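Okay, here's what each chain looks like letter by letter:
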Amino acid sequence: LIITLTTDFGSSDPYAGAMKGAILSVNPRAQIVDITHDIPAHDVERAAFVLAAAAATFPSGTVHVTVVDPGVGTDRRILAAATREHVFLAPDNGVLKYVFDGHPEARVYALDRPEYFRETVSRTFHGRDVFGPAAGHLSLGLPPEKLGTPFDGFERGTVSRPIRKQGRITGEVVSFDRYGNAITNIPAGWLEGAAAFSLRAGAEAFESVSRSYGDAAPGAPLLVAGSLGTLEISVNRGSARDRLGLRLGDRIEAAVSTSGSHAGRREA
Amino acid sequence: LIITLTTDFGSSDPYAGAMKGAILSVNPRAQIVDITHDIPAHDVERAAFVLAAAAATFPSGTVHVTVVDPGVGTDRRILAAATREHVFLAPDNGVLKYVFDGHPEARVYALDRPEYFRETVSRTFHGRDVFGPAAGHLSLGLPPEKLGTPFDGFERGTVSRPIRKQGRITGEVVSFDRYGNAITNIPAGWLEGAAAFSLRAGAEAFESVSRSYGDAAPGAPLLVAGSLGTLEISVNRGSARDRLGLRLGDRIEAAVSTSGSHAGRREA
Amino acid sequence: LIITLTTDFGSSDPYAGAMKGAILSVNPRAQIVDITHDIPAHDVERAAFVLAAAAATFPSGTVHVTVVDPGVGTDRRILAAATREHVFLAPDNGVLKYVFDGHPEARVYALDRPEYFRETVSRTFHGRDVFGPAAGHLSLGLPPEKLGTPFDGFERGTVSRPIRKQGRITGEVVSFDRYGNAITNIPAGWLEGAAAFSLRAGAEAFESVSRSYGDAAPGAPLLVAGSLGTLEISVNRGSARDRLGLRLGDRIEAAVSTSGSHAGRREA
């Protein structure tokens with residue numbers, strides 16, 4: 001079975017390797033897939049986003065382990081969350097907020113069975129001593145409910161939601177990628193029926209959705225339906241972040257017209 | 001079967017993980033090997049070089065997937081190129097130029113069978129929606145010709161070739177590695193019969209080929225037969241790029257004498 | 001069988017991929033696990049530390065390959081070191097110093113059987129041409145003694161040891177991690193029986209061991225038992241390296257009192 005890893009361990013310390021060894025010591029046949037170890041240190045918000053975006057494509061039965069865990073060794077709990085298709089192991093710090101939001105059916109357990117942990121458990125490296133071995137046991141077929149006790153008081157986090165009301169859409173920039181694309185939380189479908197619209201991001205206004213990055217001239221900004229199904233503000237072969245001076249959390253607003261009138265002109 | 005990945009996705013976004021999930025959803029037993037996800041964004045030239053250098057060592061039957069694809073979602077095609085031993089999946093943008101150059105036997109297909117793609121195909125992430133699933137099917141044994149239609153109008157790119165003529169060799173710097181070694185396109189064998197030679201790179205002249213990096217004093221420049229079989233300009237435990245001020249595409253010239261006379265002196 | 005890789009190849013060159021291909025060409029079912037390819041170029045000391053810290057958690061039978069090898073192609077030997085549980089392949093440059101220190105039972109061989117190497121062996125890339133194929137053969141069950149000749153003259157390196165004498169402990173900072181934690185070589189157990197102590201690191205003095213990073217206020221320095229069993233100087237959600245101005249090799253001293261008197265005060 002497949003185990004994915006999403007951590008802030010970085011790639012130059014022994015931590016990711018030690019955790020893989022701990023998994024393989026329990027199940028030498030586990031298929032370990034790195035999602036990333038380059039979450040910025042302690043950045044729970046970023047880890048939540050990356051995990052949710054990457055986990056969705058994995059086959060049924062996959063175990064997703066997320067270790068961005070500034071509270072390691074304190075009394076914060078470790079959760080196993082079983083959705084219809086996957087099992088998630090993570091500290092109880094909100095890093096699973098998109099999982100909980102998208103999977104109301106999730107059954108959640110707080111880990112408390114040391115027989116599935118490493119023989120000695122440190123207070124500073126639960127990736128190696130708790131998450132890794134527990135994931136190894138899950139990949140051997142252990143049902144998640146064997147790892148702990150049902151738990152309902154977990155941190156659900158806050159998922160920022162876009163608003164659509166009387167021809168106005170309001171959302172925000174929820175992520176940037178390495179290309180400098182600004183990913184918003186506005187579903188691309190919200191503009192689909194529109195006769196016309198004007199969407200503002202920084203000083204730029206967009207009045208159409210491009211089909212692909214390459215549909216704009218190199219260096220030109222564009223609006224596109226991104227890979228997560230939400231609107232994305234991009235610059236063909238360039239960085240929208242740098243070019244438009246966007247930042248995480250920036251508000252994105254659109255005026256939408258469903259008649260034939262031109263929303264963009266009405267805005268001006 | 002083995003599937004290798006060469007992309008410009010970087011290591012901190014969800015993209016590489018999502019693509020692996022899409023592969024494993026088709027073939028949960030696929031053996032995925034990262035060549036690199038750290039190609040500079042949109043750098044097709046660099047991807048072509050890294051892919052060719054790494055792919056050669058893989059066993060027969062390996063599927064090599066390259067996604068450096070600024071044209072994603074435009075009408076650029078996606079290619080499957082079957083050489084004697086391997087299958088390559090890549091956008092039709094020249095990233096396979098060394099593969100085509102080295103494998104005139106390659107059969108090339110343009111992908112057009114959506115039954116081997118993801119159920120919904122976005123216009124912004126073909127790595128997840130087309131390349132990944134198609135690679136998964138190849139790793140299950142699907143013959144490459146099932147993925148598409150024979151296609152001959154693909155981008156062959158330009159492979160810069162070294163010249164040897166009347167005792168003069170001209171080549172160029174085609175790559176740097178992380179150590180700062182300058183990799184040229186001049187076959188190391190071209191200097192092998194020489195009685196004497198002088199090779200100039202920047203302000204430096206070399207009159208012998210060292211056997212290994214460690215044969216020069218620490219900090220001293222040297223010329224060596226690199227791991228790709230071409231001449232490499234290096235500095236022992238240092239960076240030839242920085243020390244000699246070399247840049248990509250810099251011309252490298254050598255005067256070669258096959259008699260006993262000293263080419264280096266003749267140059268001076 | 002599992003093969004781990006610890007190298008200074010970086011992640012943007014073809015080298016790590018080419019080495020994996022060379023392994024898989026010998027054993028297509030080898031399970032390759034990256035410990036890291038981001039050891040700083042030529043940094044044998046750092047590689048020794050990371051390897052030792054990560055290797056310990058892997059199951060019996062694992063083959064650990066370390067290629068940080070500025071002497072590649074010179075007459076430096078390549079070693080296979082078989083401990084009770086693992087086999088280590090590495091250049092003879094001290095990178096196995098912690099392995100030798102912790103495993104006096106290790107049997108060591110110098111590789112000299114070209115039938116287990118790649119058909120053509122370059123002088124500049126033994127990772128691909130020697131280490132990779134040899135590791136592939138080990139993962140197929142080849143006993144390490146078949147790879148070479150018993151060898152006793154290998155580089156043992158120097159392992160810096162902490163000192164405990166008459167209530168004084170002296171150690172040093174042996175590593176930093178990406179969080180900026182300063183890892184010392186002082187066993188955490190050395191402070192366990194103490195009635196009181198004062199440990200100095202830079203301008204800071206610690207008189208207690210915290211249970212976890214989160215037990216200090218955000219931004220506050222703390223002393224903790226790290227994941228390797230030694231004392232670690234940390235800053236909760238911050239960098240001890242930056243905040244305390246620590247450097248590799250910095251001396252760490254502690255005065256320990258086993259009676260009821262307060263060591264910290266005695267120092268002041």
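Reference entry: report on the structure contained in this document. (Residues numbered from 1 in each chain as written. Chains lettered and ligands numbered in written order. Predicted model: local features only at pLDDT ≥ 70, side-chain atom pairs only at ≥ 80, totals over all residues. Heavy atoms only, no water.)

1. Some words on the overall build of chain A
At step 1: A tally of regular secondary structure across chain A gives six helices and 15 strands.
At step 2: Along the first, second and third principal axes, the C-alpha set of chain A runs to 70 × 35 × 30 Å.
At step 3: For chain A, buried positions account for 59% of its 268 residues.
At step 4: For chain A, contacts bridging at least 24 residues in sequence account for 65% of all contacts bridging at least 6.
At step 5: Summed over all atoms, the accessible surface of chain A reaches about 10800 Å², with 47% contributed by carbon and sulfur. (Helix = DSSP H or I, 4+ residues; strand = E, 2+ residues; numbered from the N terminus. Buried < 20%, exposed > 50% of the residue type's maximum accessible area, 1.4 Å probe, protein only. Contact = heavy atoms within 4.5 Å. Areas by Shrake-Rupley, 256 points an atom, 1.4 Å probe, with all protein chains shown as cover.)

2. Considerations on the nonpolar core
At step 1: Counting residues in each nonpolar core, the largest one holds 58 residues, and the members touching the most others are Leu96(A), Ile3(B), Phe9(B), Val65(B), Leu89(B), Leu111(B) and Leu147(B).
At step 2: In terms of residues, this core owes the most to one element, helix H2 (residues 44-55) of chain A, which gives eight residues.
At step 3: Apart from the residues lying within four places of it in its own chain, the contact partners of Phe9(B) are Arg178(A), Tyr179(A), Tyr15(B), Ala16(B), Met19(B), His37(B), Val67(B), Phe125(B) and Gly127(B). (Core = buried A, V, L, I, M, F, W, Y, C linked by side-chain atoms within 4.5 Å.)

3. A look at the relation of the copies chain A and chain C
Both copies of the chain are related through a single rotation about an axis accompanied by a shift along the same axis.
At step 1: Laying chain A over chain C is done by rotating through 120° and shifting 0.0 Å along the axis; what remains is an RMSD of 0.0 Å. The symmetry that links the two subunits is that of a three-fold axis. Among all C-alpha atoms of chain A, that of Gln31(A) lies closest to the rotation axis, at 5.1 Å. (Least-squares fit on C-alpha atoms with pLDDT ≥ 70 in both.)

4. Side note on the interface of chain B and chain C
At step 1: Contact residues are listed per partner, giving 30 residues for chain B and 32 residues for chain C.
At step 2: On the chain B side of the contact with chain C, Thr57(B), Arg178(B) and Tyr179(B) bury the most area, a combined 26% of that side's loss.
At step 3: Remark: the boundary between chain B and chain C carries one salt bridge.
At step 4: Counting across the chain B and chain C interface gives 16 residue pairs in polar contact (both at pLDDT 80 or more).
At step 5: For the side of chain B that touches chain C, the secondary-structure elements that each account for two or more residues are strand E2 (31-36), helix H2 (44-55) and strand E13 (221-225) of chain B.
At step 6: Of the residues belonging to the side of chain B that touches chain C, the class tally is 15 nonpolar, seven polar and eight charged. (Buried area = accessible area lost by both parts, 1.4 Å probe. Salt bridge = Lys/Arg side-chain N within 4 Å of Asp/Glu carboxyl O. Polar contact = N/O pair within 3.5 Å; in protein donor to acceptor, adjacent residues only side chain to side chain. Nonpolar A, V, L, I, M, F, W, Y, C, P; charged D, E, K, R; others polar.)

5. Examining the interface of chain A and chain C
At step 1: On the chain C side, the residues contacting the 32 residues of chain A number 29 residues.
At step 2: Both sides of the chain A and chain C interface together cover about 2600 Å² of buried area, and 52% of this is carbon and sulfur.
At step 3: If you look at where chain A meets chain C, you find one salt bridge.
At step 4: With a shortest N-O distance of 2.7 Å, Asp13(A) and Arg46(C) are connected by a salt bridge.
At step 5: The interface formed by chain A and chain C holds 16 residue pairs in polar contact (both at pLDDT 80 or more) in total.
At step 6: Of the residues that constitute the side of chain A that touches chain C, the class distribution is 14 nonpolar, eleven polar and seven charged.

6. Re the pairing of strand E11 (residues 196-201) of chain B
Walk down a regular strand and you will see the side chains alternate between the two sheet faces.
Residues and elements named next belong to chain B.
At step 1: Judged by how many residues are buried, E11 sits mostly within the fold: five of six residues are covered.
At step 2: Bridge count between E11 and strand E15 (residues 251-257): five bridges; the pairing is antiparallel. Looking at E15, one finds that Phe197 is bridged to Val256.
At step 3: As defined by bridge partners, E11 adjoins strand E12 (residues 204-206) across three bridges and the pair is classed as antiparallel. Each bridged residue has a counterpart across the sheet, and for Leu199 the counterpart in E12 is Phe206.
At step 4: Once E11 ends, the chain turns through two residues before running back antiparallel as E12, passing Gly202 with a positive phi of about 60°. (Pairing = 2+ DSSP bridges.)

7. Remarks on the pattern of salt bridges
Residue and element names in this part refer to chain A.
At step 1: One pass over the structure, following the stated rule, counts 36 salt bridges over all chains.
At step 2: Here Asp152 and Arg156 are joined by a salt bridge, their closest N and O atoms 3.6 Å apart.
At step 3: For Arg156, a relative accessible area of 44% translates into the label partly exposed.

8. Comments concerning the sheet that holds strand E1 (residues 2-7) of chain A
All names here are of chain A.
At step 1: The seven strands lie next to each other as E2-E1-E3-E5-E4-E6-E7, forming an open sheet whose pairing is mixed. Among the strands making up the open sheet, the edge pair consists of strand E2 (31-36) and strand E7 (148-150). If you compare each strand with its neighbour and ignore which way they point, the axes differ by 25° on average.
At step 2: Contacting E1, E2, strand E3 (63-67) and strand E5 (87-91), H2 runs over the sheet at an angle of about 165° to E3. (Axes fitted to C-alpha atoms, helices over the stretch in contact; angles between N-to-C directions.)

9. With respect to the packing of aromatic side chains
At step 1: Counted according to the given criterion, the structure contains 14 aromatic pairs over all chains.
At step 2: Look at Phe9(A) and Phe125(A): their rings are 5.7 Å apart centre to centre, the planes differ by 85°, and that puts the pair in the edge-to-face class. Taken together, the positions of Phe9(A) in the loop between E1 and helix H1 (15-26) and Phe125(A) in the loop between strand E6 (107-111) and helix H4 (126-139) put the pair 116 residues apart, joining distant regions of the chain.
At step 3: Note on Phe125(A): relative accessible area 5%, which makes it buried.
At step 4: Both rings, one in Tyr15(A) and one in Phe125(A), keep their centres 5.3 Å apart while their planes meet at 70°; by these two values the pair is edge-to-face. Residue Tyr15(A) is located in helix H1, and its partner Phe125(A) is located in the loop between E6 and H4; the two are separated by 110 residues in the primary sequence.
At step 5: Among the aromatic residues, those joined into a ring-pair cluster are Phe9(A), Tyr15(A), Phe125(A) and Tyr179(C).
At step 6: The residue whose ring lies beneath Arg241(B) is Phe176(B), and the NZ or CZ to ring-centre distance is 4.5 Å. (Phe/Tyr/Trp six-rings, centres within 6.5 Å; stacked < 30°, edge-to-face > 60°. Lys NZ or Arg CZ within 6 Å of the ring centre and 35° of its normal.)

10. A word on the side chain of His126(A)
All names here are of chain A.
At step 1: Within the fold, His126 resides in helix H4.
At step 2: A polar side-chain atom of His126 sits 3.1 Å from the main-chain carbonyl oxygen of Ser122.
At step 3: Beyond its immediate sequence surroundings of up to four residues, His126 is in contact with Val72, Gly73, Arg76, Ile78, Val121, Phe131 and Gly132.

11. Observations regarding the sheet that holds strand E3 (residues 63-67) of chain B
All names here are of chain B.
At step 1: Overall, mixed pairing links the seven strands, which are arranged E2-E1-E3-E5-E4-E6-E7 in an open sheet. Two strands in the sheet have a free side with no partner beyond their single neighbour: E2 and strand E7 (148-150). Across this sheet, the average inter-strand angle for adjacent strands is 25°, counted without regard to direction.
At step 2: As defined by bridge partners, strand E4 (residues 78-82) adjoins strand E5 (residues 87-91) across five bridges and the pair is classed as antiparallel.

12. Considerations on the environment of Ala52(B)
At step 1: Mapped onto the fold, Ala52(B) is located in helix H2.
At step 2: Taking the C-alpha atoms as reference points, Ala52(B) and Val95(B), separated by 43 residues in sequence, lie 9.5 Å from one another.

13. Quick notes on helix H1 (residues 15-26) of chain B
All names here are of chain B.
At step 1: In this model H1 runs 17 Å from its N-terminal to its C-terminal C-alpha over twelve residues, within 8% of the 16 Å that 1.5 Å per residue would give.
At step 2: Burial analysis of H1 places ten of its twelve residues in the buried class, the great majority of the element.
At step 3: Along H1, the residues that are buried comprise Tyr15, Ala16, Gly17, Ala18, Met19, Lys20, Gly21, Ala22, Ile23 and Leu24. (Expected span 1.5 Å × (residues − 1).)

14. Here we look at the layout of surface pockets
At step 1: Counted as a void, the largest pocket has a volume near 1400 Å³.
At step 2: Forming the walls of the largest pocket are 46 residues, and the residues nearest its centre are Ala30(A), Gln31(A), Ala30(B), Gln31(B) and Gln31(C).
At step 3: Only E2 of chain A, E2 of chain B together with helix H1 (15-26) and strand E2 (31-36) of chain C provide two or more residues apiece to the lining of the largest pocket. (1 Å grid on protein atoms, 1.4 Å probe; cavity = no way out; pocket = protein on both sides within 12 Å on 5 of 7 lines; lining within 4 Å. Points joined across faces, edges and corners; volume = space filled by probe spheres on them.)

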